[in-house]
Amino acid sequence: VLTIGTGMEEHANYGVDFINATKTIKEICPYVKISGGISNLSFGFRGVMKIRESIHSVFLQHAILESGMDVGIVNAHEMLALSEVEPEIKTGCDNLVFNKTPDATDVMLELTKKEKERLEALKNGGGAMEVKQTSWRDLDVTKRLEHALINGISQYVDQDVEEARQQAEKPLHIIEGPLMDGMNIIGDLFGAGKMFLPQVIKSARVMKKAVAYLIPFMEKEKREKLIAEGKNPEDFDENDDSNFAGKVLMATVKGDVHDIGKNIVAVVLGCNNYKVYDIGVMCSCELILEKAKEYNVDVIGLSGLITPSLDEMVVVAKEMSKGGFKQPLLIGGATTSKMHTAVKVSPNYFTLEHPVIHVLDASRSVTVVSSLLGENKEDYVTDIMEEYEEMREDYYAGLEDRYFLTFDQAKEQKLVIDFDVVPPAPAPNKLGVTVIDNVSLEDVVPYIDWNPFFQTWELRGRYPNRGYPKIFNDEAVGSEAKKLFDDAQKLMKEIIANKSMYLKGVVGLFAANSTEDGEDVNIYQSEDDRENGEPCHKFCMLRQQSEKESDDPYLSQADFIAPAGYKDHLGMFAVSCFGCEELVAKYESEHDDYNKIMSQALADRFVEAFAEYLHRVIRTDMWGYAKDESLNEEDLLKIKYVGVRPAPGYPSQPDHTEKTTMWNAIKAKELAGITLSESLSMIPAASVSALVFAHPQSCYFAVGQVGKDQVQSYAERKNMELELAERWLSPILNYERD
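Residues numbered from 1 in each chain as written. Predicted model: local features only at pLDDT ≥ 70, side-chain atom pairs only at ≥ 80, totals over all residues. Heavy atoms only, no water.

Engineer: Which residues make up the overall build of the chain, and what values go with them?
Structural biologist: Counting its secondary structure elements, the chain contains 26 helices and 15 strands. The C-alpha atoms of the chain give 30 Å as radius of gyration, which agrees with the globular expectation for 738 residues (27 Å, within 12%). With the C-alpha coordinates of the chain rotated into their principal frame, the extents come out at 95 × 75 × 55 Å. Within the chain, the fraction of its 738 residues that count as buried is 51%. Here the analysis covers contacts within the chain between residues at least 6 apart in sequence; of these, 74% occur between residues at least 24 apart. (Helix = DSSP H or I, 4+ residues; strand = E, 2+ residues; numbered from the N terminus. Rg over C-alpha atoms; globule rule 2.2 N^0.38 Å. Buried < 20%, exposed > 50% of the residue type's maximum accessible area, 1.4 Å probe, protein only. Contact = heavy atoms within 4.5 Å.)

And the structure:
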């Protein structure tokens, strides 16, 4: 980008011309990527960084956010947010970049001169006293409250709210005035991408603390008013929600205990003046519909993490249709997708009046809800209806175009390992079940993968700054990511010091062989049981059936275990991070959503790190098949170790019912206190389970969709009714259930 502000007329349009050219190119060639070096733009003002940074900020605001420029090459350490540019300088920069006035360069030179004089005075020690160091604490109380909200500062909330209350006619006026003004600004900034999720959660914490302080005064005022009117104050409706933009019911569906994403959405909606009724986790369909009627909500939102939750969402949609409900239904959670919503959930309930909409993440929730409750609802819903219809057509057309081998054909082309050439791993050093209760949080901290942590908070760096720790260098989110990480480190140290969370798990290492048909794996309590052909449990596996364009085999986890005649083994474990629920309850009582969600995010990181740590201990010690392993933590996260640890319910074995076999084998409930819900979600929510395969040719893979012939065989091998097996495998069936 060429230099402006040189005093030469022919240079004056360089900035605005680049912006306009970018927009034109993007309209004509939308997939073209556009970048530009920004430092040249302000070269005429070198030496005065405040002025240069301000010019860059104004230029990038228009070039990137409005015209579509993809990359601005600029020193990230020399960046000002547009909101940080002083109003007078911002006006001058705007006039200069867009060449709005003939004297734009002269005005900027005058501003530059003033800035130089100020810097020189400070440098020489003279004039420093003339510059009064102002603070936001010097503002009037309404502005202080707005500032505290926007910046997530909860330190002074009680005293500022009390000061505002003394000045206000009614406590409610404080909520309707400075507090809502601040929250409206936050909603606008978040919607425009100028504020990030962690900042919004911090702001919500300030709002909740402020409202909590005012509630006793508001209740007292209402009681006195009702008594003065001759009414019984006990008849007052405490759930009066007429002042909200809308009412939303949020629930994690039956059998699912994961709620961190739902909690984030609830906070974001609350920040935008929506009344959110969060009825918790493991909510039955009956409870969801009952509460929706009781609260007379405008929108219902369902959340879930595990795959059985997908089927439960379909059940809820069907029951809403039968019950004559009229509320839009929102679908969200890690296991959900727009395609599943369009194909499986939507046909059971979607109409123009009450659509079914997939919400990708918290940042989209406000747009979706406001569109559904706004004047343009019909146009918005019509667009989504048409999009979902196209997706369904594409999905079913894709099924017709995809080819699947029969189950017998897939078995004929399975992975055949020559166990004579590459024999099974040696026998474990310690067979049987072992309780793991001596691993501290400090032990697992080096094994933490921080990338999912930032994804939870919806902070994503752009290339080349994707992932931890490069995200800290990202121009857009780097600063906020570093603040978030520092907050996480602080809370993590508190948790470790207070021992408010702890780790426990159980490991099982068993003699094992694949079954005679090669499709399942038998495990044995002892070598004698193996010799006598007396297995204690059988793990049933699923095999790939979707046709491949290569000669690659059609995999099943059973392929990784040697048949009878070989002394092979299978490992497994279940681990949990305990104590999070109590910490969450503590922060909820303190109206602290930020640390509540942070605690849940850290518990997830702790247990995943525990699983990584324990898998290494299994490989190097308990089983000992890789006792000479010398991988560092980074190599572990890149899966450079020998063997794999796939989890039941995930791509390599997408049937959650296999967890019950594992739980029975290792006594996870009895020995470690880890239980399973009716949908086989692990409790506590911060839990991980896995099978451990040691053979060097074992690998991670996705089973993909399976045919009815395999499902029938699978149900028979599990002694399970076909209809029940189909329900558990519903997300991967290549056919419609009867």
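Engineer: Account for the packing of helix 3 (residues 87-97) against helix 4 (residues 104-124), with residues named and values stated.
Structural biologist: Where helix 3 contacts helix 4, the two axes come as close as 9 Å, and the packing angle between them is 145 degrees. Here the hand of the crossing between helix 3 and helix 4 comes out left-handed. Taking contact as the criterion, the partners of Glu 88, Ile 89, Gly 92, Cys 93, Asn 95 and Leu 96 in helix 3 are, on helix 4, Ala 104, Thr 105, Met 108, Leu 111 and Lys 114. (Axes fitted to C-alpha atoms, helices over the stretch in contact; angles between N-to-C directions. Left-handed = near helix turned anticlockwise from the far one by under 90°.)

Engineer: So what's going on with the packing of helix 9 (residues 260-271) against helix 13 (residues 362-372)? Which residues, and what values?
Structural biologist: Axis separation between helix 9 and helix 13 bottoms out at 9 Å; the angle between their running directions is 50 degrees. When the interaxial angle is binned, helix 9 and helix 13 end up oblique. Along this stretch, helix 9 crosses helix 13, giving a crossing that reads as right-handed. Contacts from Ile 264, Val 265, Val 268 and Leu 269 of helix 9 reach helix 13 at Ala 362, Ser 365, Val 366 and Val 369. In terms of residue class, the contact of helix 9 with helix 13 is made up of seven nonpolar, one polar and no charged. (Parallel < 35°, antiparallel > 145°, perpendicular 65-115°, else oblique. Nonpolar A, V, L, I, M, F, W, Y, C, P; charged D, E, K, R; others polar.)

Engineer: So what's going on with the nonpolar core? Which residues, and what values?
Structural biologist: Within the largest apolar cluster, 136 residues are counted, with the highest numbers of intra-cluster contacts made by Ile 288, Leu 329, Trp 457, Phe 573 and Phe 606. Ranked by residue count, the leading element in this core is helix 21 (residues 593-622), at 15 residues. Leave out the neighbours within four places in its chain, and Phe 573 touches Val 506, Val 507, Ala 611, Leu 614, Ile 618, Arg 645, Met 662, Ile 666, Val 688, Ser 689, Ala 690 and Val 692. By size, the runner-up hydrophobic cluster in this structure holds 44 residues, among which are Phe 510, Trp 663, Ala 725 and Leu 733. (Core = buried A, V, L, I, M, F, W, Y, C linked by side-chain atoms within 4.5 Å.)

Engineer: Could you give an account of the sheet that holds strand 3 (residues 246-252), with specific residues and numbers?
Structural biologist: Ordered by their spatial adjacency, five strands build an open sheet running 4-3-5-6-7, and the pairing between neighbours is parallel. A strand with exactly one partner marks an edge of an open sheet, and here the two such strands are strand 4 (274-278) and strand 7 (356-358). With strand direction ignored, the average angle separating the axes of adjacent strands in the sheet is 25 degrees. As judged from the four bridges shared by strand 5 (residues 299-303) and strand 6 (residues 329-332), these two strands associate in the parallel manner. The residue of strand 6 that forms the bridge with Leu 302 is Ile 331. Those strands touched by helix 9 are strand 3, strand 4 and strand 5, and its axis lies near 155 degrees from that of strand 4. (Pairing = 2+ DSSP bridges.)

Engineer: Tell me about the packing of aromatic side chains, residues and numbers included.
Structural biologist: Counting across every chain of the model gives 21 aromatic pairs. Ring centres 5.1 Å apart and planes at 80 degrees place the aromatic pair Tyr 395 and Tyr 396 in the edge-to-face group. Look at Tyr 395 and you get buried, because its relative accessible area is 18%. Measuring from ring centre to ring centre gives 5.2 Å for Trp 450 and Phe 453, while their planes differ by 90 degrees; the resulting arrangement is edge-to-face. Taking the relative accessible area as the measure of exposure, Trp 450 reaches 6% and is therefore buried. Chaining the aromatic ring pairs together yields one cluster made of Trp 450, Phe 453, Phe 454, Tyr 468, Phe 472 and Phe 485. The ring of Phe 472 has Lys 482 lying over it, and the distance from NZ or CZ to the ring centre is 5.8 Å. Of note, Lys 548 hangs over the ring of Tyr 554, and the distance from its end group to the ring centre comes to 5.1 Å. (Phe/Tyr/Trp six-rings, centres within 6.5 Å; stacked < 30°, edge-to-face > 60°. Lys NZ or Arg CZ within 6 Å of the ring centre and 35° of its normal.)

Engineer: Tell me about unusual backbone geometry, and please be specific about residues and values.
Structural biologist: Omega for the peptide link from Tyr 463 to Pro 464 comes to 5 degrees, which places this bond in the cis form. Secondary-structure assignment places Pro 464 in the loop between helix 17 (451-456) and helix 18 (478-498). Here the bond from Ile 683 into Pro 684 is cis, since omega is 10 degrees, no more than 30 degrees from zero. Among the structural elements, Pro 684 can be located in the loop between strand 14 (682-683) and strand 15 (687-692).

Engineer: Break down empty space enclosed by the protein for me, with residues and values.
Structural biologist: What the rule picks out here adds up to two cavities of 30 Å³ or more. Together, Pro 424, Ala 425, Phe 560, Ile 561, Asp 568, His 569, Phe 693, Ala 694 and His 695 line the largest cavity. Of the residues in the lining of the largest cavity, the class split is six nonpolar, two polar and one charged. Forming the walls of the second largest cavity are Phe 539, Met 541, Pro 648, Gln 653, Glu 658 and Leu 691. Class assignment of the residues belonging to the lining of the second largest cavity gives a composition of four nonpolar, one polar and one charged. (1 Å grid on protein atoms, 1.4 Å probe; cavity = no way out; pocket = protein on both sides within 12 Å on 5 of 7 lines; lining within 4 Å. Points joined across faces, edges and corners; volume = space filled by probe spheres on them.)

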